[in-house]
Amino acid sequence: MLNYNKFDVDKIREDFPILNREVNGKPLIYFDNAATSQTPKQVIDVIVDYYSNYNANIHRGVHTLSQEATDLYEQARLKIQKHFNAKFNHEIILTSGTTHSINLIANGFSTLLGEKDEVLVSALEHHSNIVPWQMLCERTGATLKVIPMNENGELIMSAYEALLSEHTKLVFVNHISNALGTINPIAEMIKKAHQVGAAVLIDGAQSCPHVQPDVQALDVDFYVASAHKMCGPTGIGLLYGKEEWLNKLPPYQGGGEMIDEVTFEKTTYAGLPHKFEAGTPNICGGIAFGTAVDYMTAIGFDAIATYEHELLEYATDKLLQIEGLKIYGTAKEKTSVISFNIEGIHPYDIGTILDKMGIAVRTGHHCAQPIMDFYKIPGTIRASFAFYNTKAEIDALVEGVKKAKMMLL
Ligand SMILES: *Cc1c(COP(=O)(O)O)cnc(C)c1O
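Residues numbered from 1 in each chain as written. Predicted model: local features only at pLDDT ≥ 70, side-chain atom pairs only at ≥ 80, totals over all residues. Heavy atoms only, no water.

Chemist: Can you walk me through the pairing of strand E15 (residues 380–384) in this structure?
Modeler: Across the five residues that make up E15, a large majority, five, are buried. Burial along E15 is two-sided: the residues Thr380, Arg382 and Ser384 and Ile381 and Ala383 are all buried. Of the strand pairs in this sheet, strand E12 (residues 337–342) and E15 are connected by four bridges, and their pairing is antiparallel. Following the sheet pairing, Ile338 is matched in E15 by Ala383. In this sheet, E15 lies alongside strand E14 (residues 362–364) in antiparallel orientation, the contact comprising three bridges. Residue pairing across strands places Gly364 opposite Thr380, the latter belonging to E15. (Buried < 20%, exposed > 50% of the residue type's maximum accessible area, 1.4 Å probe, protein only. Helix = DSSP H or I, 4+ residues; strand = E, 2+ residues; numbered from the N terminus. Pairing = 2+ DSSP bridges.)

Spelled out as structure tokens, the structure:
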């Protein structure tokens, strides 16, 4: 579909219409990619095409439009299966996103856990990966334990091993931390969890824009992600689950009866993945998710990772030259996220001044309040880079931060 022979950021930027707009009279510099990514015209075109030419409900109608929409939707599932290297197509459940996927699993495990059981969750989690487990433990009487982190924002592996026991039933950790950018050693963590018979769910919301996970090589039990963080639309995401686990878990939405009806209506599909896909799905979103995967694959995940690493090193270097600036999260393995503060200034004030200059950064606790508590700060300024950002934009950020500092101190 696309031909990007070599990584050319100027050419790539032409794919993103939003990068042409101005904010407060200045060209937009978008550094909030960890919250949501921008959308290339290839994906926008597919959304327009779907509603212009294919809009119909799927899996139900015998008419041509419904069949065409169904084919497109199921082709997208195949693309996603291939991208994540799932063994079976029906192991790919299309959900509304990471949060939905996590809640689906947490709900399922409430039938499998008892009072002696333990759930491990990492100190680096997004709220969406903490609250559902607290609710699960309240419902089942199981105990929630936290894998601690160090000053660099890395999980402490010796503490993780000490927490694992025959009581551990589930381990939940993000592949990459959204607040700090830490890349967690998930392959090793999965292996250790399996040695005590625990299942592992990896939150891939932050990793999927940067790397291509291989769920079979990882031997992970569940892997979840959101399309909107990897150039797709909002309201669609993925739950990968090993077949044996998905068969074990009860349906989530609508109750068993309704789901039975849905599956009986459609003779071709029985059981997975439809057991977990009650109701009319986000059809257009699913198709566009497939296109987003195609788009990023055409650019190439290796090229993306190399380029983003270059941006990370460049920005880290430049920002650290500003006196009083402190970066939180200095893990050896990290992705293109920089969380920082300037001594004596509230992050919100800097974010507001940067916005006046057309620079979009995130300020606050980044849905990861426990991490902020760890560092005893109210929040940070977070600049997160994508493959369509440039060094010139980073220069503008650095100049902007310097100016803000001058105005505020
Ligand atoms: C964004 C994010 C989520 C939540 O994703 P939604 O699309 O809002 O459901 C969960 N975990 C991490 C690490 C994230 O970055």
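Chemist: Even after reading the chapter, I still don't get the packing of helix H13 (residues 347–356) against helix H15 (residues 391–408), so can you show me in this structure?
Modeler: Two quantities define a packed helix pair, namely the angle between the axes and the distance from one axis to the other. It is the contact of H13 with H15, at a shortest axis distance of 9 Å, that shows an interaxial angle of 120 degrees. Accordingly, the angle class assigned to the pair H13 and H15 is oblique. By crossing handedness, the relation of H13 to H15 is classed as right-handed. Residues Asp349, Ile350, Ile353 and Leu354 of H13 touch H15, and the partners they reach there are Leu397, Gly400, Val401, Ala404, Met407 and Leu408. (Axes fitted to C-alpha atoms, helices over the stretch in contact; angles between N-to-C directions. Parallel < 35°, antiparallel > 145°, perpendicular 65-115°, else oblique. Left-handed = near helix turned anticlockwise from the far one by under 90°. Contact = heavy atoms within 4.5 Å.)

Chemist: Would you mind showing me how to read the sheet that holds strand E8 (residues 199–203) here?
Modeler: In a beta sheet, neighbouring strands are held together by backbone hydrogen bonds and run either parallel or antiparallel to one another. Reading across from one edge, E4-E10-E9-E8-E7-E5-E6 is the order of the seven strands in this open sheet, with mixed pairing throughout. Taken across any chain shown, the strands that pair with only one partner, and hence form the sheet edges, are strand E4 (92–95) and strand E6 (143–147). Within the sheet, the average angular offset between the axes of one strand and its neighbour, ignoring direction, is 20 degrees. Bridge analysis of E8 against strand E9 (residues 222–226) gives three bridges, and the strand direction is parallel. Counted as the bridge partner of Leu201 is Phe222 from E9.

Spatial relationships are all this shows, so hold off on functional conclusions.
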